[in-house]
Amino acid sequence: MRKILIPRRRFLQLSGLSSMNLMLGGCALNVVDSIAGKAFEPLNQSVETLLFNPQKPVPEFPTSEIEPNGLIVNSFRFTPKIDPLAFRLTVDGEVNNPLSLSMENIEGMPLTSMTIRHVCVEGWAAIVQWGGVRLRDIVSLVQPKSTVRYVYFMSADGYYESWDIASAMHPQTLMAYQKNGQPLPIDNGAPLRLASPIKLGYKLSKWVTGIRLVSDLLPAKGYWEDQGYEWFAGL
Amino acid sequence: MNLSAPSKTGRTIPYQAIAAKTFHWINIVSLLLMITSGLQIYNANPVFGGRTGWHFPIIFLLGGWLAGGRHWHFAAMWIFSLNLLWYGIYILITRRWKHRFASSKDLKALQLSKNPKRKNYAWHRLAYTAIIPVLLLAIFTGLGMYKPAQFYWIVDCFGNWQALRIVHLTSVPIFIVFAIVHSWLALKSGGSRLIDSMFW
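Source: prediction; values computed, not measured.

Novice: Honestly, the nonpolar core in this entry has me stumped. Any pointers?
Specialist: One recurring pattern in soluble globular proteins is that nonpolar side chains are buried together. In terms of nonpolar packing, the biggest core is built from 47 residues, with Val121, Trp130, Leu200, Tyr202 and Tyr229 of chain A together with Trp161 of chain B touching the most fellow members. For this core, the secondary structure elements donating two or more residues are strand S3 (112-119), strand S4 (125-134), strand S5 (150-155) and strand S7 (174-179) of chain A together with helix H1 (18-44), helix H2 (66-93), helix H6 (152-157) and helix H7 (161-199) of chain B. Of all the elements, S4 of chain A adds the most residues to this core, at four residues. Not counting residues within four places of it along the chain, the set of residues in contact with Leu200 of chain A comprises Val119, Cys120, Val121, Ala233 and Leu235 of chain A together with Arg70 of chain B. Membership of the second largest hydrophobic core comes to 31 residues, among which are Leu39, Trp72, Phe80 and Leu84 of chain B.

This is the structure:
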């Protein structure tokens, strides 16, 4: 996959930084970073999956608690320019009815609004209102095969993510095109982005142009995951 | 706090149960991992001032970068909390809880006792009794931040997200002050032999 080249370059940059850190800090423990992750992540992930109830909605907030300036724009490379009239969302993979949807098609589907807490891996959080289409409604349109267990999201800026199907089918996992009662700003992922109260911010891809339903995870799991972040990243 | 056994030279040397030593060791090591990896996570977006806020120097950090810090934090969290859990079960089963923690007798001693050793001892018991709720609070607030979708009520207990982060982080300076005071009081009441007995 072409997209991998940049992460690898970025990865080398980060390795350089961490070896510098190692020498400066004089702390050999950094070498075994990935060991701590590899040893405990399977346990953490099973506990997370066990705690996670895919049908249970997360309580929402009244719109009066929205923090209009709370959401920090945290993009990984650049802000892609997308013509909303020419925009298409392709939904394919192991499905019986692959689709290519326009914004008009998507806005014609039932609108769901939710006011939830968006939590960033960096530690900050913001209460945001999102409006959009439930991902499960889009998935049901393409009629996935019974083998489907994962969903890949491709973004116009080259960002990529993968989710477990249960989290993707959660009733509060939206393909959002509204934020805080307004059309979604470009910096926040217009015309279409993922929004959900059950995953960390880096799972919530912006500028999503492709959704692919698959039965197996590829070696490339997600932009940040491929550099060492945890994959499940549930809240 | 410590039983005494006569040594060959006739002096009494402090003696600690092997379970107490094990708990003490695991507690110190896992807390050190929790704090250093926690400060690595803190540095990604300082609680006070956000990204432009004050950052901790590299020497106090574990994990190399945010992802590594998180891996360490969520690995050490198991060791730290399970250690505290089995310690709880241990003092319950062995009935140590009855005389291990500060009581009204210690408070009285602090006010009335003329014996400096007795006072020291009371302060010591008071300090390590008070640290247990702090450690439990650190786990509780940490759980609220780790799983806010499932444990939203924990976040609600503290009002909002920022308050929860502040309470979680506050356990770090409290613990460091405790470690200093605790060691100093131990040194005053039992000297280096008492300190040694807690480790070896």
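Moving on from the model shown.
Novice: Could you clarify how one ought to interpret the environment of Phe52 of chain A in this entry?
Specialist: Looking at the secondary structure, you find Phe52 of chain A in the loop between helix H2 (33-51) and strand S1 (89-93). As for Phe52 of chain A and Ser205 of chain A, which are separated by 153 residues in sequence, their C-alpha atoms are 21 Å apart. With sequence-adjacent residues up to four places away left out, Phe52 of chain A is seen in contact with Ala166, Ser167, His170, Ile198 and Phe232 of chain A together with Gln150 of chain B.

Novice: Would you take a moment to explain unusual backbone geometry for this structure?
Specialist: Trans is the prevailing form of peptide bonds, just as negative phi is the prevailing case for residues other than glycine. Residues and elements named next belong to chain A. The omega torsion across Ala190 and Pro191 is 10 degrees, close enough to zero to call that bond cis. Following the sequence through the fold, Pro191 ends up in the loop between strand S8 (182-183) and strand S9 (193-195). Positive phi, close to 50 degrees, is recorded for Asn180, a residue that is not glycine.

Novice: What is the right way to look at H7 of chain B in this model?
Specialist: Residues and elements named next belong to chain B. Taking 1.5 Å as the rise per residue, H7 with 39 residues should run 57 Å; its terminal C-alpha atoms sit only 39 Å apart, a clear shortfall. A bend of about 120 degrees at Gly190 is the largest found in H7. Residue Asn160 occupies the N-cap position of H7, its side-chain oxygen lying 3.1 Å from the main-chain nitrogen of Gln162.

Novice: What exactly am I supposed to notice about the interface of chain A and chain B here?
Specialist: Accessible area lost when the parts come together is the quantity often used to give the size of an interface. Opposite the 38 residues of chain A that make contact, chain B presents 31 residues. Of the roughly 3,200 Å² buried at the junction of chain A and chain B (both faces included), carbon and sulfur atoms supply 61%. Between chain A and chain B we count three salt bridges in total. Here Glu230 of chain A ties to Arg70 of chain B by a salt bridge, and the two come within 2.5 Å at their closest N and O atoms. The interface formed by chain A and chain B holds nine residue pairs in polar contact (both at pLDDT 80 or more) in total. Residue assignment for the side of chain A that touches chain B shows that the elements contributing at least two residues are helix H1 (5-25), H2 and S3 of chain A. Among the elements that make up the side of chain A that touches chain B, the one with the highest residue count is H2 of chain A (ten residues). For the side of chain A that touches chain B, the class distribution of residues is 21 nonpolar, eleven polar and six charged.

Novice: I'm lost on the packing of H2 of chain B against helix H5 (residues 116-146) of chain B in this one. Help?
Specialist: Each pair of packed helices gets described by two things: the angle between the helix axes and the distance between those axes. All names here are of chain B. At a minimum axis distance of 11 Å, the contact between H2 and H5 shows a crossing angle of 140 degrees. Considering the angle they form, H2 stands oblique to H5. The two elements H2 and H5 meet at a crossing, and its hand is left-handed. Here Phe74, Met77, Phe80, Ser81, Leu84 and Tyr87 of H2 come into contact with H5, specifically with Ile132, Leu135, Leu136, Ile139 and Tyr146. Residues of the contact of H2 with H5, tallied by class, amount to ten nonpolar, one polar and no charged.

Novice: Would you take a moment to explain the pairing of S4 of chain A for this structure?
Specialist: For a regular strand, side chains alternate in direction, first toward one face of the sheet and then toward the other. Residues and elements named next belong to chain A. Burial within S4 is extensive, with nine of its ten residues counted as buried. Note: S3 against S4, eight bridges, orientation antiparallel. The residue of S4 that forms the bridge with Met114 is Trp130. The turn joining S3 and S4, which pair antiparallel and follow one another in sequence, is formed by five residues; a positive phi near 115 degrees is taken by Gly123. Sheet topology places S4 next to S7; five bridges connect them, and they run antiparallel. Paired with Gly132 across the strands is Ala176, a residue of S7.

Novice: Can you help me understand a nonpolar patch on the surface in this one?
Specialist: Residue and element names in this part refer to chain B. Taken together, the side chains of Leu82, Leu85, Ile89, Leu92, Ile93 and Trp97 present a nonpolar region at the surface, about 640 Å² in accessible area. The element best represented in the nonpolar patch is H2, accounting for five residues. The partly exposed category is assigned to Trp97, whose relative accessible area is 42%.

Novice: Can you help me understand the environment of His73 of chain B in this one?
Specialist: All names here are of chain B. Topologically, His73 is positioned in helix H2. Overall, the relative accessible area of 12% leaves His73 in the buried class. Along the primary structure His73 and Gly38 are separated by 35 residues, whereas in three dimensions their C-alpha atoms are 6.3 Å apart. Sequence-distant contacts of His73, that is, excluding residues within four places in its chain, are made with Met34, Ser37, Gly38, Ile41 and His168. Here the side chain of His73 touches Ser37 through a polar contact of 3.0 Å, side chain to side chain.

Novice: What is the right way to look at the sheet that holds strand S2 (residues 99-101) of chain A in this model?
Specialist: Note: strands within a sheet are paired through backbone hydrogen bonds, in either parallel or antiparallel orientation. All names here are of chain A. Strand order in this open sheet of five strands is S2-S1-S10-S5-S6, and the pairing throughout is mixed. Across the chains shown, the open sheet's two edge strands, defined by having one partner strand only, are S2 and strand S6 (160-164). Along the sheet, successive strands turn relative to each other by an average axial angle of 15 degrees, direction set aside. Pairing between S5 and S6: five bridges, direction antiparallel. Among the inter-strand pairings, Phe153 is bridged to a residue of S6, identified as Glu161.

Parameters and conventions
- Residues numbered from 1 in each chain as written.
- Chains lettered and ligands numbered in written order.
- Predicted model: local features only at pLDDT ≥ 70, side-chain atom pairs only at ≥ 80, totals over all residues.
- Heavy atoms only, no water.
- Core = buried A, V, L, I, M, F, W, Y, C linked by side-chain atoms within 4.5 Å.
- Buried < 20%, exposed > 50% of the residue type's maximum accessible area, 1.4 Å probe, protein only.
- Helix = DSSP H or I, 4+ residues; strand = E, 2+ residues; numbered from the N terminus.
- Contact = heavy atoms within 4.5 Å.
- Expected span 1.5 Å × (residues − 1).
- Bend = angle between axes of the 7 residues up to and from the residue.
- Polar contact = N/O pair within 3.5 Å; in protein donor to acceptor, adjacent residues only side chain to side chain.
- Buried area = accessible area lost by both parts, 1.4 Å probe.
- Salt bridge = Lys/Arg side-chain N within 4 Å of Asp/Glu carboxyl O.
- Nonpolar A, V, L, I, M, F, W, Y, C, P; charged D, E, K, R; others polar.
- Axes fitted to C-alpha atoms, helices over the stretch in contact; angles between N-to-C directions.
- Parallel < 35°, antiparallel > 145°, perpendicular 65-115°, else oblique.
- Left-handed = near helix turned anticlockwise from the far one by under 90°.
- Pairing = 2+ DSSP bridges.
- Patch = residues over 30% accessible without salt bridge, like charges linked within 9 Å, V, L, I, M, F, W, Y side chains within 5 Å.
- Areas by Shrake-Rupley, 256 points an atom, 1.4 Å probe, with all protein chains shown as cover.

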